Amino acid sequence: MSFLRRRSGQPAGPDFDVLAMDPGDWPGLFGAMIMTGSDGSCQGIFLRYDLLGGRGPAMLIGNLPQGSPARESEDGVPFEVRQLLAALENDEPVEFVSAEDFPVMLGDDLLIVRKVKVSEERLYCSQFGRSDDVQVTIASWDRPISDDLYQLLKPLPAEMFQQDQ
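Source: prediction; values computed, not measured. (Residues numbered from 1 in each chain as written. Predicted model: local features only at pLDDT ≥ 70, side-chain atom pairs only at ≥ 80, totals over all residues. Heavy atoms only, no water.)

1. Re the confidence of the model for the chain
When pLDDT is averaged along the chain, the result is 84, and 87% of the positions lie at 70 or above. Taken together, the stretch residues 1-12 has pLDDT below 50 and engages in 24 contacts with residues farther than four places along the chain or on a different chain. (pLDDT = per-residue confidence, 0-100. Contact = heavy atoms within 4.5 Å.)

2. A closer look at the nonpolar core
Within the largest apolar cluster, 28 residues are counted, with the highest numbers of intra-cluster contacts made by Leu 47, Tyr 49, Met 59, Ile 61, Ile 138, Tyr 150 and Leu 153. It is strand 3 (residues 42-50) that provides the largest number of residues to this core, a total of four residues. Those residues in contact with Tyr 150, other than ones at most four positions away along the chain, are Val 104, Leu 106, Leu 111, Val 113, Ser 126, Phe 128, Ile 138 and Ile 145. Formed by 16 residues, the second largest nonpolar core is a distinct cluster that contains Leu 64, Ala 70, Val 94 and Val 118. (Core = buried A, V, L, I, M, F, W, Y, C linked by side-chain atoms within 4.5 Å. Buried < 20%, exposed > 50% of the residue type's maximum accessible area, 1.4 Å probe, protein only. Helix = DSSP H or I, 4+ residues; strand = E, 2+ residues; numbered from the N terminus.)

3. Regarding the pairing of strand 7 (residues 123-129)
For strand 7, a buried count of five out of seven residues is recorded, marking the element as mostly surrounded by other parts of the structure. Once strand 6 (residues 109-118) ends, the chain turns through four residues before running back antiparallel as strand 7. Where strand 7 lies against strand 8 (residues 135-141), seven bridges are found, and the strand directions are antiparallel. Within the sheet, the bridge partner assigned to Leu 123 lies in strand 8 and is Trp 141. (Pairing = 2+ DSSP bridges.)

4. Side note on the packing of aromatic side chains
Considering all chains together, one arrives at three aromatic pairs under this definition. Here the aromatic rings of Phe 30 and Tyr 49 are separated by 5.3 Å at their centres, their planes lie at 50°, and the arrangement is tilted. Taken together, the positions of Phe 30 in strand 2 (residues 30-36) and Tyr 49 in strand 3 put the pair 19 residues apart, joining distant regions of the chain. Look at Tyr 49 and you get buried, because its relative accessible area is 0%. Aromatic side chains Phe 46 and Phe 79 sit 5.2 Å apart centroid to centroid with 50° between the ring planes, which places their arrangement in the tilted category. Highlighted residues: Phe 46 in strand 3 and Phe 79 in helix 1 (residues 79-87), separated in sequence by 33 residues. Assessed through its relative accessible area of 4%, Phe 46 is described here as buried. Given the relative accessible area of 24%, Phe 79 is considered partly exposed. If you follow Lys 115 out to its NZ or CZ, it ends over the ring of Phe 102, 4.8 Å from the centre. (Phe/Tyr/Trp six-rings, centres within 6.5 Å; stacked < 30°, edge-to-face > 60°. Lys NZ or Arg CZ within 6 Å of the ring centre and 35° of its normal.)

5. Focus: the sheet that holds strand 2
One open sheet holds the seven strands; their spatial order is 2-3-4-8-7-6-5, and the pairing between them is antiparallel. Pairing within the sheet leaves two strands with one partner each, and these edge strands are strand 2 and strand 5 (96-106). Between one strand axis and the next, the sheet turns through 20° on average, direction left out of account. Pairing between strand 6 and strand 7: three bridges, direction antiparallel. By the bridge assignment, Arg 114 is partnered in strand 7 with Gln 127. Across the sheet, helix 1 is in contact with strand 2, strand 3, strand 4 (57-64), strand 7 and strand 8; its angle to strand 4 comes to roughly 150°. (Axes fitted to C-alpha atoms, helices over the stretch in contact; angles between N-to-C directions.)

6. Points about the pattern of salt bridges
In total, this model carries four salt bridges according to the counting rule given. The residue Asp 50 makes a salt bridge to Arg 48 at a minimum N-O spacing of 3.1 Å. When the shortest N-O distance is used, the salt bridge between Arg 122 and Glu 120 registers 3.0 Å. (Salt bridge = Lys/Arg side-chain N within 4 Å of Asp/Glu carboxyl O.)

7. Some words on the environment of Gly 37
In this fold, Gly 37 is placed in the loop between strand 2 and strand 3. Taking the relative accessible area as the measure of exposure, Gly 37 reaches 19% and is therefore buried. Distance from Gly 37 to Pro 69, taken between C-alpha atoms, is 9.1 Å for residues 32 residues apart in sequence.

This is the structure in structure tokens:
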């Protein structure tokens, strides 16, 4: 997957490409958040896709580089799941139930996707690791994540995530 390579040089934004759905392809509202470390480094990019008509968040996609504190949780519930529930103002407790790896074909490439099941049955989550050690997590509310979704993911331009200096 050539589009998953780390960029060379010193970009002003994250030092990795952000893999997500193009906001122009989404019919509703779109938001992005950068998680910065104490040294100013990018520790993650989170993209939130809201439904048309203001019906609330439908999906959250996280891109977390190696070493990001948000990559590992003590209880097994991915950070993106908690962020999506917070955006939905759902404060019900959620617990990790299980995880299983599934193969997904992307053209001629094989992607191993880890499907994470949590106690909230309306929440769907899948994760995969990219060739540049960035972990992508997709959390979806009330909509199962189909294999077709992975075909829609593509790198977004770094300029979208640069902060004004």
